[in-house]
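Residue strings, one per chain:
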Amino acid sequence: MATAEEVAKAVERRDVRDRWLLSAPALLVIFLAATGPLLIVLVYSFLTPGSYGDVKWQFSPEAWIAVFLERDIFDDTLSIAAAHVTIFLRSIKLSVVTTIATLVLGFPTAYFMATRSEKTRDLWLFLITIPFWTNLLIRTFAVLQIIRNEGIINTILLKLGIISAPIQILYTDTAILIGMAYVYLPLMVLPIYASMEKLDFRLVEAGYDLYASRFQVLRRIIFPLVKPGVIAGSILVFIPALGAYVTPSVLGGGKNMMLSNLIELQFGQGRNWPLGSALSIAVMIIVMVALLAYVRNAGKSGVRHG
Amino acid sequence: MNWKTTATAMGLALLASTGLARADGVLNIYNWGNYTSPDVIKKFEAKYNVKVTITDYDSNDTALAKVRQGGTGFDIAVPSQTYVPIWIKEGLIQETDPGKMENFKNVAPEWANPDFDPGRKYSVPWAWGTIGVVVNTDAYKGPANTWGIVFNTPDELKGKVNVVPEMGDVMFAAIKYVGGQQCTDDKAVLKKVRDLLVAAKPNWIAMEYNTIEKMGAGDFKATSDWNGSALRQRLANPAIHYNYPKEGFGLWSDNVVVLKEAKNVENAKLFQNFIMDPENAAGLSAFHRYANAITGSDKYMPADMKDAPEVIIPAADKPLGELQQMCPPETQELYTKIWTELQK
């Protein structure tokens, strides 16, 4: 006969096994859908490019070296990969500017929504989510129709006689920024609105009672309280903006590469899959480091204000 | 009905449907988007009682990568001449010997024995064309039969020129413009090419594929482009003209091949033979707007293509055309670096 201790052990063992079995489907999905593909990308980044695309199963650190250093094809000197740095910086700059632009537009929008009566709030929320029903590509082409030389803005300005020749907006950095801000705005508004909705507006009234100016109320009361929303919104905008592909290509004219175009080139016409893989991982690392730094800093100051 | 009978019924239904489909015959075509005439396909389906499906791809690299992975279910693909040798070398396609097919006698002599498929053991011509310069003569009236429109843009066109971002095509044109040979790895020539491209870029407005719509709307006043695209633009706006650059221009051709993993090989062979028939070849041309390589197809061609300068290369320009080749991987690597520097 088994002792009580043995029975308890057996039960515990079965318990552990059951737990593993029950979570197995989830673990499998996580591995297959998230970790697995990433591992393949990582492995590919250490292989030799095949002659016409694909990879040869031969270890090579070349791809990683090529991410940072380049051998000049004319004088054979090794130097920092200036082209890659330029493209990285352009993408990062675009993401930062997009984040700021959506914040500047999104914060007042969220404030406006949160200060409406409960019934109308739902309507505003609904309006903000409508763009999500439309494909990103179609939304981008809609912006193109508005800003192109024969587009709505230029036609109206020309008809009114305000300008004599169409303003070239399409294929400029401004065009990319307009498109990006439009596309990513809901991702900024929604999290800010979510924290703004929970904001106790009696605190705002208290601030005014204590003779705080409007700006002081905004800076010292509202902003610290909705900060989690601002952080979430910034992250939600910054990360996809860094990998934006469609919007810069369509509105920017494809003359200047973004990170995503550079990576796409390696898998397409450039036929250097390992370099494409290494670039992708490098971008991920940058995003992760930036995020950690951001969240950590934001978290610290949050405590101070709280 | 309990679970088991439902499952059995569904299984039987599935079996029945695939069985039926097989009895009728199928053919799965993997081709460039917006490239396959629905009328010609209908005719083929009716004639051989075969159900045709068409799946699109957007670049030679996409098609190659996908077929290489295997298990696509496609019977036929249509790679460009630069890629056909790779498909052969990698064992992706099978010898169907089109050179011995009934309709092969219709293939024009200059396309009957190409370097990329000697003796036409694998491929059948689908379409061929040229890459040149398109100019809207309302914006620029000067001589336009030169790559200089793109690389040394005249003042009237500055900031209004588009370049189609096909690395191979742009490199070909730039090398020709500085007087080199295609696929050159001569550093002196490539340096000139790099400097030329970098200096030319500020005069370009964009590097886009969407030329038909943008030339039509006037966003672009000139562009590098394929001839069939140029034809569509002229039909929409008579001021738009296609030019064959005097420095030399590239020729390309897309070719129908049968995959090694094809399940419907006989139908695929029927299709290869079918499109070498002059009337069917003309039907394909009427849709995709490029020339076919089939003699005798001219009399079935649509009126607006019969003597279109975009399709029929003028005799004087003909010697300037050169079939584009696939450059060796090491050369390709140099070109990618120049291309990255151009677009950085």
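It should be emphasised that the depicted structure is a prediction, and the values quoted were computed from it without experimental measurement.

1. Remarks on the overall build of chain B
And step 1. Helix and strand content of chain B: 14 helices and 10 strands.
And step 2. Scaling as 2.2 N^0.38, a compact globule of 344 residues should have a C-alpha radius of gyration of about 20 Å, and chain B matches this with 22 Å.
And step 3. Scored against the burial criterion, the 344 residues of chain B give a buried share of 44%.
And step 4. Across chain B, the fraction of contacts at a sequence separation of at least 24, relative to all contacts at a separation of at least 6, is 72%.

2. Topic: the interface of chain B and chain A
And step 1. Contacts between the two partners involve 28 residues from chain B and, on the opposite side, 25 residues from chain A.
And step 2. When residues of the side of chain B that touches chain A are traced back to their parent elements, those giving at least two are α3 (60-69), α8 (187-200), β6 (204-206) and α14 (329-343) of chain B.
And step 3. Looking at the side of chain B that touches chain A element by element, the count peaks at eight residues for α14(B).

3. Topic: the pairing of strand β2 (residues 51-57) of chain B
All names here are of chain B.
And step 1. Alignment of strand β1 (residues 26-32) against β2, held across seven bridges, turns out to be parallel. Opposite Y30, over in β2, you have T55 as the bridge partner.
And step 2. A crossover links β1 with its parallel partner β2, the connecting element being helix α2 (residues 38-48), and its sense is right-handed.

4. Notes on the domain arrangement of chain A
Residues and elements named next belong to chain A.
And step 1. Taken domain by domain, chain A comprises domain 1 (4-71) and domain 2 (82-305).
And step 2. The centre of domain 1, based on its C-alpha atoms, is set 33 Å off from the matching centre of domain 2.
And step 3. With 16 residues of domain 1 in contact, the opposing surface of domain 2 contributes 12 residues.
And step 4. Those elements giving two or more residues to the side of domain 1 that touches domain 2 turn out to be α1 (4-44), β1 (47-49) and α2 (62-68).

5. So, the domain arrangement of chain B
Residue and element names in this part refer to chain B.
And step 1. With domains assigned, chain B is organised as domain 1 (3-128 + 252-306) and domain 2 (130-251 + 315-343).
And step 2. Domain 1 puts 11 residues into the contact, and the matching count from domain 2 is 13 residues.
And step 3. Split by residue class, the side of domain 1 that touches domain 2 holds six nonpolar, three polar and two charged.

6. Structural notes on the packing of α2(B) against helix α12 (residues 278-288) of chain B
Residue and element names in this part refer to chain B.
And step 1. Orientation of α2 relative to α12, taken along the N-to-C sense of each, is 145°, at an axis distance of 8 Å. Taking contact as the criterion, the partners of D39, V40 and K43 in α2 are, on α12, N280, G283 and L284.
And step 2. Classifying every residue of the contact of α2 with α12 gives two nonpolar, two polar and two charged.

7. As for helix α7 (residues 173-197) of chain A
And step 1. Helix length check: α7(A) (25 residues) gives 35 Å between terminal C-alpha atoms against 36 Å at 1.5 Å per residue, within 8%.
And step 2. The largest bend along α7(A) measures about 45° and falls at Y184(A), with the proline P186(A) one to four residues further on.

8. Concerning the pairing of β1(B)
Residue and element names in this part refer to chain B.
And step 1. Most of β1 is tucked away: six of the seven residues are buried.
And step 2. Note: β1 against strand β3 (residues 76-77), two bridges, orientation parallel. When the bridges of β3 are listed, I29 appears paired with I76.

9. Side note on the environment of E197(A)
And step 1. Inspection of the secondary structure assignment puts E197(A) in helix α7.
And step 2. With 82 residues separating them along the chain, E197(A) and T115(A) place their C-alpha atoms 8.1 Å apart.

10. Brief notes about the packing of helix α8 (residues 201-209) of chain A against helix α9 (residues 214-242) of chain A
Think of two packed helices as two axes; the pair is described by the angle between the axes and how far apart they sit.
All names here are of chain A.
And step 1. Taken N-terminus to C-terminus, the directions of α8 and α9 make an angle of 145°; their axes are 10 Å apart at the nearest point. Between α8 and α9 lies a crossing of right-handed hand. Between α8 and α9, the residues in contact are L203, V204, G207 and Y208 and V217, I221 and I222, respectively.
And step 2. Residues belonging to the contact of α8 with α9 are distributed by class as follows: six nonpolar, one polar and no charged.

11. Considering the environment of D254(B)
Residues and elements named next belong to chain B.
And step 1. Along the chain, the position of D254 falls in strand β9 (residues 249-258).
And step 2. Overall, D254 belongs to the buried group, with 23 C-beta atoms counted inside 10 Å.
And step 3. Between the C-alpha atom of D254 and that of M215, which follows or precedes it by 39 residues, the distance is 25 Å.
And step 4. Here D254 is in contact with V78, P79, S80, W126 and A127, once residues within four sequence places are set aside.

12. What to know about α12(B)
Side chains that are three or four residues apart share a direction in an α-helix, a result of its 3.6 residues per turn.
Residues and elements named next belong to chain B.
And step 1. Buried residues of α12: N280, A281, A282, G283, L284 and S285, and no others.
And step 2. Buried-residue contacts for α12 involve α2, β4 (124-136), α11 (265-274) and α13 (303-306).
And step 3. Phi turns positive, to about 70°, at R289, one or two residues after α12.

13. Side note on unusual backbone geometry
And step 1. Look at Y211(A): it is not a glycine, yet its phi comes out positive at around 65°.
And step 2. Tracing the backbone shows Y211(A) in the loop between α8 and α9.
And step 3. Phi is positive for N34(B), close to 55°, though the residue is something other than glycine.
And step 4. Topologically, N34(B) is positioned in the loop between β1 and α2.

Scoring rules and cut-offs
Residues numbered from 1 in each chain as written. Chains lettered and ligands numbered in written order. Predicted model: local features only at pLDDT ≥ 70, side-chain atom pairs only at ≥ 80, totals over all residues. Helix = DSSP H or I, 4+ residues; strand = E, 2+ residues; numbered from the N terminus. Rg over C-alpha atoms; globule rule 2.2 N^0.38 Å. Buried ≥ 20, exposed ≤ 12 C-beta atoms within 10 Å, placed from the backbone. Contact = placed C-beta atoms within 7 Å. Pairing = 2+ DSSP bridges. Right-handed = clockwise from strand over helix to strand, strands pointing away. Domains from an automatic or database assignment. Nonpolar A, V, L, I, M, F, W, Y, C, P; charged D, E, K, R; others polar. Axes fitted to C-alpha atoms, helices over the stretch in contact; angles between N-to-C directions. Expected span 1.5 Å × (residues − 1). Bend = angle between axes of the 7 residues up to and from the residue. Left-handed = near helix turned anticlockwise from the far one by under 90°.

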